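Below are the chains, spelled out letter by letter.
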Amino acid sequence: MAWSRLLAWWRLCLGLLSVLVCLAPCVNLQPAENINYNLVHSWADKLGTELFHLGDFITRRKEVQESFKDAKVVSRNGASIVDSMAKEIEMMMDLKVSAVRRIMDTAENTALSHQNDMADKMFSYYSAKEMLEPNDPVPPIPTPAPDMDKDIGEPLIYVQPKVVVLEPRPEFHNTPVNFSVSSVHVPVNVFDRAPDVIKAIQWSENLDQIFRDNYKNDPTLSWQFFGSSTGFMRQFPASKWRKDVPVDLYDCRLRSWYMEAATSPKDIVILMDGSGSMLGQRLDIAKHVVNTILDTLGTNDFVNIFTFDKEVSPVVDCFEDSLIQANLGNIRELKERIESFTPKSIANYTAALTKAFEILEDTKVNSRGAQCNQAIMIIGDGAPENNREVFELHNWRDPPYKPVRVFTYLIGKEVANWDDIRWMACENQGYYVHLSDTAEVREMVLNYIPVMARPLVLGRHDHPVIWSQVYADIEDTKLSDYLWDINQCEYQKADVLEYWQVHDRMLEPSEMHRRKYRRMKETWNQPVDSNVYQFMTTVSMPIYDRRENATKIANILGVAGTDVPINEIKKLLSPFTLGVNGYAFIVTNNGYVLFHPDFRPIFQGYILKPSYNSVDMIEVELLDDDRPARDFNPVLMTIRDSIINQSTGSKWMLVKNHFDEMKRVARIKRQYYWTAIKKTPFTLVISYPEQYGVSHMDIRADQEIHRISIKGTNLRSVFSGKRWKIHPDWLYCKHSNRTFKTPEIELLYFLERMSEPGWRWPGSRSAMPPEHAAAMFSNNSSTGRYPSINEKESYYCDRQLMQALVFDARVTEGFSNTTSFNSKDDKGNEFKQRFGVTVAFLATHSGLTRWHEFHSNAAEESGVGETFSQNNTRAIDEIWYKRAVDQHFVREESFVYSVPFDAGESNSEILVTASHAVFHNEGGKTAPAAVVGFQFQHSALYKLFHNITGNACAVDDKDCYILDNNGYVVISTRVHETGRFFGEVNGAIMKRLLEENVYKQVTVYDYQAVCFESKSDNNASSMLFSPLFHVLRVGKWLLHTALWYIVQLLQWAPGVSSHYADMYGDSNDTEPPPPAKHQEHHARNGNGHGKKDDDYWLRYLTLHRTRLKPCDMKRELYTLYKEKDNVVYNMTAHACERPFVVLPIPFSNLILLVIDQLCPRDGTVVLTVNPQPIDYPFAVNESLACYKQAREFNRMRPHSCISRHANESGIKLCGKACSIYANLGLLLLCHILSRWL
């Protein structure tokens, strides 16, 4: 019995054991819990506490906060600030307009008084390209043979270059200049010894005196210039033209400041003949004409291009039946499409003209376009009839006024039907041009400018003041494409050189991906501030020919202007008054920004973007409304309309502000105020955060500079030593006719002057225009003299900023004092050595930065403090300053920690930057006063983390990370991951952090991005693959066309070259296939068993050529949820369902993440902060330009429009007819020989 019971128990145990064995695999799928929540919590607490105590001791933040106790906090009045700034800018701009007006008056009077002078072809002038400095070698006198210039048919003229002394001046960006004379730039397509050109150069030399007087009255003036209608530009002060570009593309007549001053806004329809006879050279000339016309247009003009054969078609399908704004993006789209056009049929001029008139009429009736001048440009090789009926129906209904001008461009030397196409221009107040060579296109096309200017010239007394949009000084957008091509060539060269070193290892997928990513990363480099280009706006006025006989031709002499650097405007905006994260920007009548903190006109550090100056304000002010791309909020659109209409207003908005290379984002509520800058097309907008921008620091009356000076305080003493800097871009005090090596030296100079008796604060940054001042002072002076800037106020000081700066310097004087940091406290020394602290710093709201460097031994280690002071002088504009102020409202008692994004790729010591905001409270108001911080070695932080966690994070079953508030790795067990975005390191866990609301994803749209479109242009290198074939082809050509080649040299038969191209030309569209032997060799060795093809690597290393294309991109950025009691921080790890613990690190912007490595990891999930293309619902053949055109925004037209004058009908000048001269003997000889051959 007992035995049977024992046997039953034994069977029961075996059964249970078998069940456990069966279930064992399932149980083992879930590893044991190996992340102790409480242990991780203790790590986070200990790390946060130790770091905070370090920062508290090193920065002495409590002492700094106490030092500001005597300051007061006052409310910020945005409406008053924007009004004051706008008046300052208006006064400055009035001063520039005054200078240009005097140049204009002097030029018109000088030209009138020298009208009877003879042109001196040997006249010597200061040529910007050829003038010499005293030590330059004198070029030898050329001895040409023959002694005739074939291009102009006249004897060659050589004039010895003039010598001038040039001196670099900081106000002209250290360009060597001479303030005694002006220099002349002549484009490559203009002959400077032509009678009309040299005569204008002669009389315009008299403008030097007014240039000098203007500069004396206003030493803040930048370049002054006179752009002549003959092509040259006289510029003051004199300077050499830059020679670091491959070709001089500059022609002042193609610049926006010239074009907009010489003509009122215009609507233009370009008609291009698409008949089969337009093939070959004619097509090349026609495309060149179209491109040149497009180059003459600006953002106040509207245009479209139609090609016509049997039907009339727009070159860009989506632009049909409308005119589009001539901004850089749209112009680029038109140029790209016209380049691919191919003629094919018979031209229907009647249909084309009717279409053009209908579009122009519809544009005017519906109040679209420019609503001023209208013109039709016809480009073809002859019209079969004059289409009089079309003109009578559309253009001659209100004689003598003809609302639409017609300009005709006849292409080809051998054309016979020129009379009808010339009649179209002459009978419609236009101009006729006959073109037979690409070299003459620019000069001939520009003939339409004086015709469009006739109403202006006939009016004589009305000189419109034109302000241009922002542009990059003398740069041409064509240079961007050239620089990109050069960049691709450098890439190709580097790839080939690298291949010969590392061979096949370079072709590994990982290496190819790394190389591609590195280059894409370079293109994402879009700095806001750059010294490569000088961005300007220009004020200009037209200059008219006042001669009595000039009214018969209504000649425009040129345009006068002066540059206004954008940086000079920014200095008038007093960023100090807007505080941290506050900014100002200016919007034009078209809605484009003149400047903005998110205006990024260049990429890769030195290449201008294709449409860099047509950035709309709603493309940089990104509302936090989660709308899809280009679905702009109606509230923002309403604000934009108010701004471009130059109203005054204010509004709160929730926005997304990205910063730090577009890798971080902040979601904040901002206040906007705006008002018009009177007598300009500009509107000023200011903005600051609601949370901490509504109040600001101010000093009390007893702390003012003059009162503390009376008490005996030496102002210079509070700026002792070398461990301090001031904001380099802010205007503290500025001397009008003195320059200083550094802003700090200039500040000390003015502090010395303030201590002297008789010091007074200037009333305004800008002086009054001389003519205004003359009127004001004429009643008080018997002589009628008025004070210039030099005589009245040779300096300017921002009183409020200087008062704040001196106060901040006094209360923080001891921060950078060496003795104050030489603490005898053992704990202090332990902190400094244990954490490898290199520098402690302080920056105040007035732009003052102080620092103190720490050294590991008694001997001074040079370079630490210098490095910090070179890269961190912009105080409230530094990233660590802005982030610290934002962090204050997450947790007051905390530091913000960060490492460089490329820290893991660096071979040098990584430094961690920590910063903490100091706020001052008074009467219920609070304002940021300063930010304190320190830098310490990343290796020391890693060592501290390792000591706290022990070996727990060093074993294989756990992975530990410290991430910042934007998801970037600060600490990892793998040092190469430092600085990287965590989503790229472990996308699966980052996705879980998003799902559990640890981080929030914020989509930021980049409407200023650049993409790279493949281009299939002709590759001249393909000709090298079959040289013998081409040698034979050339021999055959020489035999059959020898005589025709002679005739071509005599410039008699222009059709020969195009005929040759049609008969014998090789398009070179694709690379020829390899020889048969090569193909066989490849087939034999392509099975993987033989040796590889010798040039197989070319397929992988040959770059696919691309061209620049404006596009939109988006970035998915991340930020921590700000809820302090986020429930996710109380959650423990739960096997592989939740294989991690995440906790905030106290007193910081960091989180601690511990991951169970034993759980399977999904490596396919990758989250990135890199830019990604936006998938718009494009139609077939539609582009971004089309998409934007369908959603175009409102704009304000310029106030000035002069498009007609009663006397214009009396002007008969409309271009010359063509003449054909034939050598009958040559014709007969050609015919006989051709039959014989």
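Residues numbered from 1 in each chain as written. Predicted model: local features only at pLDDT ≥ 70, side-chain atom pairs only at ≥ 80, totals over all residues. Heavy atoms only, no water.

Labelled according to an unreviewed UniProt entry, the protein appears under the name Voltage-dependent calcium channel subunit alpha-2/delta-3 isoform X8, originating from Drosophila rhopaloa. Listed in UniProt under the heading Subcellular location (unreviewed entry), the comment for the protein reads: "Membrane". (UniProt positions renumbered as here; feature names shortened; annotations may be inferred.)

## Overview of the packing of helix α2 (residues 37-59) against helix α31 (residues 938-949)
At a minimum axis distance of 10 Å, the contact between α2 and α31 shows a crossing angle of 140°. Judged by the twist between their axes, the crossing of α2 over α31 is right-handed. Listed contacts from α31 to W43, K46, L47, E50 and L51 of α2 are L941, L944, F945, I948 and T949. Counted by class, the contact of α2 with α31 contains seven nonpolar, one polar and two charged residues. (Axes fitted to C-alpha atoms, helices over the stretch in contact; angles between N-to-C directions. Helix = DSSP H or I, 4+ residues; strand = E, 2+ residues; numbered from the N terminus. Left-handed = near helix turned anticlockwise from the far one by under 90°. Contact = heavy atoms within 4.5 Å. Nonpolar A, V, L, I, M, F, W, Y, C, P; charged D, E, K, R; others polar.)

## Re the environment of L578
Tracing the backbone shows L578 in helix α19 (residues 575-578). Considered as a pair, L578 and S687 are 109 residues apart in the sequence and their alpha carbons are 7.6 Å apart. What L578 contacts, discounting residues up to four positions off in sequence, is R76, I81, M85, Y583, A584, I686 and Y688.

## Points about the confidence of the model for the protein
For the protein, the mean per-residue pLDDT works out to 83, and 82% of the residues sit at or above 70. In the predicted structure, residues 1017-1093 sits below a pLDDT of 50 and forms 60 contacts with residues beyond four places in sequence or in another chain. In this model residues 1218-1237 is a low-confidence stretch, pLDDT under 50, and it forms 19 contacts with partners more than four residues away in sequence or in other chains. (pLDDT = per-residue confidence, 0-100.)

## Considerations on the state of the cysteines
With the rule as written, the count across this model stands at seven disulfides. With its sulfur 1.9 Å from that of its partner, C733 forms a disulfide with C797. Every disulfide takes its handedness from the sign of the S-S torsion; for C733 and C797 that torsion is 120°, giving right-handed. Placement of the pair is C733 in strand β29 (residues 733-735) and C797 in strand β30 (residues 795-797), with a sequence separation of 64 residues. Take C733 and C797: they sit in the same class, and that class is buried. (Disulfide = S-S within 2.5 Å. Buried < 20%, exposed > 50% of the residue type's maximum accessible area, 1.4 Å probe, protein only.)

## Quick word on the packing of helix α23 (residues 743-754) against helix α26 (residues 799-811)
One way to put it is that α23 packs onto α26 with a least axis distance of 13 Å and a crossing angle of 95°. If you check the angle between α23 and α26, you find them roughly perpendicular. Residues L747, L751 and M754 of α23 form the contact with α26, whose participating residues are M802, L805 and V806. Each residue belonging to the contact of α23 with α26 can be placed in one class, and the counts come to six nonpolar, no polar and no charged. (Parallel < 35°, antiparallel > 145°, perpendicular 65-115°, else oblique.)

## Section: the sheet that holds strand β20 (residues 583-587)
With antiparallel pairing, five strands are arranged side by side in an open sheet as β21-β20-β26-β25-β24. Each having just a single partner strand, β21 (593-595) and β24 (649-659) make up the two edges of the open sheet. The average angle at which neighbouring strand axes cross in this sheet is 35°, direction not considered. Here two bridges tie β20 to β21, and the two strands are oriented antiparallel to one another. Residue pairing in the sheet places V587 in a bridge with V593 of β21. (Pairing = 2+ DSSP bridges.)

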